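Here's the letter readout for the chains.
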Amino acid sequence: MTRGSYVRRNIRFMILWPLAAVLLTLLLWGVMLSKLASDKKQLEENALRKSAAISKAYAQYLTRTVEQLDLLARQIKFGWEKSNGSLSFERMNLEGALNVPRFGSAAIYDENGIPVTGTIPLGKKVGVADREYFQFHKNFKSESLRIGTPTIGRLSGKKIIQVTLRIEKDGGKFGGVLVMGVPPEFFTLFSDDQVLGENGILAFIGDDGIERMSKVGNEQRDSSPLSAQKFDPNIDTRNVYLFPDGKTRFISTHTLNGYPFFALVGLDQQDVMQPYQRNLVMYRKIGIVGSIVIFLFAFIAMWMSMRLAWRNHQAKTIRETYRLATEGGNEGFYILLSEQDKNGFITDFMVVDCNEKGASFFGLPKEKFLGAKVSDYYSGEYFERVMNTYRLGMENGFYEDDYRIPEGSPIKAEWVKRKFVRADKGLAITLRDISESKRYEREMSRLATEDALTTLPNRHWLMNYLPAALATAQANKSMLAVLFIDLDDFKNVNDTLGHSAGDQLLCAVAARLKSVVRSTDKVIRLGGDEFTVVLEAIHNEEEVAHIALTINQVLHEPFELTRDTTPKKNKVGGSIGIALFPRDGHDVETLLKNADIAMYAAKINRKGEFRFYDRMLYENIKQRLDTEQDLAHAIREDQFELYFQPRVATPTGTLTGMEALIRWQHPTRGLLKATDFIELAEESGMINAIGEIVIDKVCAQIAVWLAQGIKTLPISVNVSAHQFNDGKVKNLIAACLSKHAIPASLLEIELTESAMMQNTGDIFDEISAINKMGITMYVDDFGSGYSSLSLLQRIDMDVLKVHQAFTAQLGVTKDGEIFFTAIFSMAKALNMRVVAEGVETAAQLQILQTLACDEVQGCYISEALPAADVPAFIAKHHLFP
């Protein structure tokens with residue numbers, strides 16, 4: 001197509017430029033006028049809302065101010081009237097008894113208008129009988145506070161607003177006037193010129209329409225645009241208001257709560273509409289200049305369109321190529337023209353165009369880079385690799401990748417994103433430096449797989465690494481060990497030393513673990529106080545045991561932790577569970593689960609040990625978990641029963657009381673004794689709930705026997721140390737006694753000596769409170785734990801029950817009787833009764849009678865009885881066989 005035919009073909013489009021210019025000009029003015037109208041409406045609405053908000057806030061401020069004045073005036077009036085007019089304001093002010101720092105003055109005028117006393121020295125007797133407020137108070141018996149207009153005080157000689165209150169004599173007769181002179185600015189401290197603007201008004205007006213004080217902008221005025229007229233407080237404030245000073249303002253009023261005044265705020269329309277006026281001038285200029293530019297551009301464009309039409313047609317292919325190559329943003333781009341041999345095989349490329357960014361990748365300015373060939377910058381194998389990629393782009397028409405720049409490349413970057421687009425006989429190439437984003441990706445990957453505190457790999461890393469490690473171990477037919485490590489007593493460190501010390505400990509543990517394993521082993525922090533060690537290429541179980549033992553040893557060494565800048569040594573230790581591949585599992589989930597089970601077994605057996613996984617561990621732990629779930633269900637369903645074992649007087653065999661023993665009626669395992677589940681209840685934290693059930697059941701059973709007229713003896717209940725540590729035993733007992741309406745003397749509490757050794761301060765308080773309720777306290781199983789004579793002396797206990805291990809030795813060894821005698825003597829020295837537990841033979845009973853033991857309990861007397869059998873047992877007079 002020739003240049004002339006191309007222009008003739010497209011000439012009809014050229015005349016569209018002037019028409020488009022007219023339409024654009026109309027559109028421009030329409031948009032600007034619409035925007036101006038919208039801005040004006042918005043400014044007016046905002047001004048009305050702002051004036052309403054300011055007037056409301058100002059009214060609240062004035063209300064508080066008037067309330068303060070009212071309160072102070074009435075206090076002064078009360079004091080004056082109560083003293084029969086004997087107060088001296090001058091003396092009180094000097095002595096600090098009358099403190100009116102924010103007011104100019106305060107004075108009392110008698111019924112003739114003569115000043116009697118005041119905070120300002122009464123150098124001359126200046127009368128006020130002619131004042132309007134004096135005549136008002138004299139002629140009208142009003143209790144209301146009056147606020148006048150600004151005037152010059154006759155005592156102070158200063159400009160004040162007079163706040164007045166009627167003073168009365170006996171019988172309600174007029175006794176004078178209290179006058180407080182308040183500086184006018186006291187009523188206008190609320191705002192400043194930034195809020196009101198240069199001509200905004202803030203006014204304090206009475207319901208009579210008379211202005212008390214006003215402020216225009218930042219200027220305090222005695223008279224304002226309102227002072228020349230009375231203002232109607234009921235005026236419609238939804239529109240602007242023309243003031244006598246010629247200013248139009250957006251106004252709003254707000255009544256003072258409880259007082260005949262209102263606040264007025266007026267925002268000057270000229271101030272408010274300044275943005276509109278500026279925009280009006282600006283838009284007018286924009287419209288004029290824009291119209292000129294549009295029409296000028298239209299005519300130039302029409303002329304240029306005809307001139308450039310042919311050139312644009314010729315450059316169309318190049319423009320399209322540039323568009324495709326640079327559409328990704330601010331990138332380096334190149335146009336490479338291919339060079340071919342006689343067979344059409346591409347042998348090189350030459351740079352025919354590029355931008356400055358593209359040339360900068362090679363460290364050259366654009367003018368020096370143009371005309372360069374690929375072979376000028378690459379050689380040998382590297383050249384062939386680059387050329388093969390370029391040829392692939394030519395063959396497919398498109399190629400894109402993220403390319404890591406190899407060492408020795410002329411490109412000044414670490415990573416680039418390459419995009420090739422075929423354009424006729426060449427390539428349009430864009431390069432973008434993505435080195436920073438790649439570094440960010442690597443950092444994000446590191447953070448995702450690294451524990452932030454210890455810098456060890458984390459659980460996410462382990463779950464990605466372990467499958468490959470297992471595959472390698474399987475391919476090499478080697479063993480792999482997973483060690484699951486849980487720190488012992490880590491919670492105590494956090495609770496006693498704080499989380500900062502806990503973090504120090506975790507970092508120290510991580511360092512010790514890394515120091516004792518091989519360089520090929522992996523140490524991972526799973527979270528909290530749990531760590532995992534992966535041992536690869538293991539030959540036998542002994543090798544794993546040696547490493548686990550070493551870990552145990554280094555964890556048992558004290559850790560030096562700093563709290564409040566003071567280093568302290570702390571011991572924790574760790575329990576380790578070990579699972580071996582392929583013996584204990586073939587997949588990640590199974591190995592981790594079995595290592596966890598082994599660790600749990602090690603912690604239950606004795607903390608600070610390691611254990612290998614075996615099937616029995618799983619069965620034992622499963623049984624324990626099942627029992628724990630059943631126990632929780634038993635608590636919900638109340639599957640517990642009470643049995644009662646008698647206690648009798650040693651000399652006579654007379655029944656003296658009974659011990660309540662809990663039994664669990666298990667749905668499948670039958671009736672279980674306390675020894676089958678109490679330890680689990682204590683470890684799982686369910687002992688408190690069970691203890692509450694037992695105390696409530698005992699109280700309920702006592703109430704039933706009392707209602708049936710059965711002679712009821714005291715019943716003792718075993719209370720766990722966990723319940724005492726919880727600090728709620730006394731409240732629980734009191735609630736149950738009240739609920740079932742039984743006397744406290746029929747309930748007794750047994751507490752083991754081991755439990756008494758824990759948190760003695762808290763337990764002492766609990767026991768003291770229970771003693772005060774009239775409940776007998778027993779030391780149970782004495783001799784089975786840590787005995788403390790000093791503790792028994794401190795804690796007021798009534799009865800000491802000797803553990804059955806000592807009773808069993810009576811008549812068997814001479815030492816048995818000696819030990820029992822020593823315990824008996826100690827108890828008597830502390831004024832405690834003694835009960836021998838576990839009496840099973842007549843010989844034991846005879847010895848106890850000889851020793852004058854107070855009471856006995858055991859199978860020889862009676863097995864524990866269900867509640868239904870107790871009444872018949874109580875009816876017996878002599879209980880020895």
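Going along each chain's sequence as written, the residues are numbered from 1 onward. Confidence filtering applies because this is a predicted model: local features only for residues at pLDDT of at least 70, side-chain atom pairs given and counted only at 80 or more, and all residues used for totals across whole chains, interfaces and linings. Side-chain descriptors were evaluated using all non-hydrogen atoms of the structure, hydrogens and water having been removed beforehand.

## Things to note about the overall build of the protein chain
Looking only at helices and strands, one finds 30 helices and 33 strands in the protein chain. Only protein chains enter the accessibility calculation, which uses a 1.4 Å probe; a residue whose area is less than 20% of its type maximum is buried, one above 50% is exposed, and one in between is partly exposed. In the protein chain, which comprises 881 residues, the share counted as buried stands at 46%. A contact between two residues is defined here by any heavy atoms of the two lying within 4.5 Å. Long-range pairs, those at least 24 residues apart, make up 60% of the contacts in the protein chain with a sequence separation of at least 6. Of the roughly 45000 Å² of accessible surface on the protein chain, a fraction of 53% belongs to carbon and sulfur atoms. Only DSSP runs of H or I with at least four residues qualify as helices, and only runs of E with at least two residues qualify as strands; both kinds are numbered from the N terminus onward. All accessible areas in this document rest on Shrake-Rupley with a 1.4 Å probe, and a residue is counted as covered only by the protein chains that are shown.

## A short note on the nonpolar core
Grouped burial of nonpolar side chains is what soluble globular proteins tend to show. In this text, buried Ala, Val, Leu, Ile, Met, Phe, Trp, Tyr and Cys residues form a nonpolar core when linked through side-chain atoms within 4.5 Å. Counting residues in hydrophobic clusters, the biggest one holds 80 residues, and the most contacted among them are F640 and F724. Take this core: its biggest share by element is nine residues, from helix α21 (residues 687–707). Ignoring any residue separated from it by four or fewer positions in sequence, one finds F640 in contact with L631, A634, I635, I662, R663, W664, F677, I690, I693 and K697. Formed by 44 residues, the second largest nonpolar core is a distinct cluster that contains L43, I108, F204 and Y276.

## Focus: helix α28 (residues 814–829)
Between the first and last residue of a helix there are one fewer steps than residues, each counted as 1.5 Å, and that sum is the expected span. In this model, α28 (16 residues) spans 23 Å end to end at C-alpha, consistent with the 22 Å of a helix rising 1.5 Å per residue. Residues of α28 that are buried include every one of G816, F820, I823, F824, M826 and A827, and no others. Down the axis of α28, the sector holding all buried residues measures 160°, keeping them to one side. In α28, the exposed positions that point more than 90 degrees away from the buried face belong to K814 and A829. Positioned one or two residues after α28, N831 has a phi angle of 60°, which is positive. Think of the arc as the fan of directions from the helix axis to the C-beta atoms.

## Notes on the layout of surface pockets
Each pocket or cavity is described by its volume, and for the largest pocket that value is around 1400 Å³. Two kinds of site are reported from a 1 Å grid over the protein atoms alone, namely cavities, where a 1.4 Å probe fits but cannot get out, and pockets, open sets with protein on both sides within 12 Å along at least five of seven lines, and residues are called lining when an atom falls within 4 Å of a point. What lines the largest pocket is a set of 45 residues, and nearest its centre among them are E659, L661, A674, T675 and N718. Broken down by element, the lining of the largest pocket gets its largest block of residues, five residues, from strand β25 (residues 655–666). When residues are grouped by polarity, Ala, Val, Leu, Ile, Met, Phe, Trp, Tyr, Cys and Pro land in nonpolar, Asp, Glu, Lys and Arg in charged, and all others, Gly among them, in polar. Looking at side-chain class alone, the lining of the largest pocket contains 17 nonpolar, 17 polar and 11 charged residues. Grid points are joined across faces, edges and corners, and a volume is the space filled by probe spheres set on the points. Quantified by volume, the second largest pocket comes out at close to 390 Å³. What lines the second largest pocket is simply D489, Y600, K603, I604, R606, K607, R624 and E683.

## Brief notes about the environment of T532
Along the chain, T532 falls in strand β19 (residues 530–538). With relative accessibility at 0%, the residue T532 sits in the buried group. Between the alpha carbons of T532 and G577 there is a distance of 9.5 Å; along the sequence they are 45 residues apart. With near-sequence residues (within four places) excluded, T532 lies in contact with L462, V482, L483, F484, K522, V523, I524 and L526.

## What to know about the state of the cysteines
What counts as a disulfide here is a pair of cysteine sulfur atoms lying within 2.5 Å. Evaluated as defined, the whole model comprises zero disulfides. C699 carries a free sulfur, and the closest cysteine sulfur to it, the one in C736, is 5.0 Å from it. Judged by its relative accessible area of 0%, C699 is buried.

## Considering the pattern of salt bridges
Only one rule defines a salt bridge in this text: a Lys or Arg side-chain nitrogen within 4 Å of an Asp or Glu carboxyl oxygen. This model, assessed by the stated rule, comprises 36 salt bridges. The salt bridge partner of K801 is E837, with a shortest N-O separation of 3.6 Å. Linking K801 in strand β30 (residues 799–802) with E837 in the loop between β31 (833–836) and α29 (842–850), this pair joins segments that are 36 residues apart in sequence. Overall, the relative accessible area of 0% leaves K801 in the buried class. On the accessibility criterion, E837 (10% relative accessible area) is buried. Of the charged contacts in the structure, one is a salt bridge between D854 and K828, with a shortest N-O distance of 2.6 Å. Linking D854 in the loop between α29 and β32 (855–856) with K828 in helix α28, this pair joins segments that are 26 residues apart in sequence. The partly exposed category is assigned to K828, whose relative accessible area is 35%. Each of E400, D402, K417, K438 and E441 takes part in a single network of salt bridges with overlapping partners.

## Considering the side chain of S51
Looking at the secondary structure, you find S51 in helix α2 (residues 16–82). Residue classification places S51 among the buried residues on the basis of a relative accessible area of 0%. A polar atom in the side chain of S51 sits 2.9 Å from the backbone oxygen of L48. Once you skip the residues sitting within four places of it in the chain, S51 turns out to touch F250, I251, S252, V265 and L267. What qualifies as a polar contact is a pair of N or O atoms within 3.5 Å, subject to a donor-acceptor requirement within protein and to the restriction that residues adjacent in sequence count only when both atoms come from side chains.

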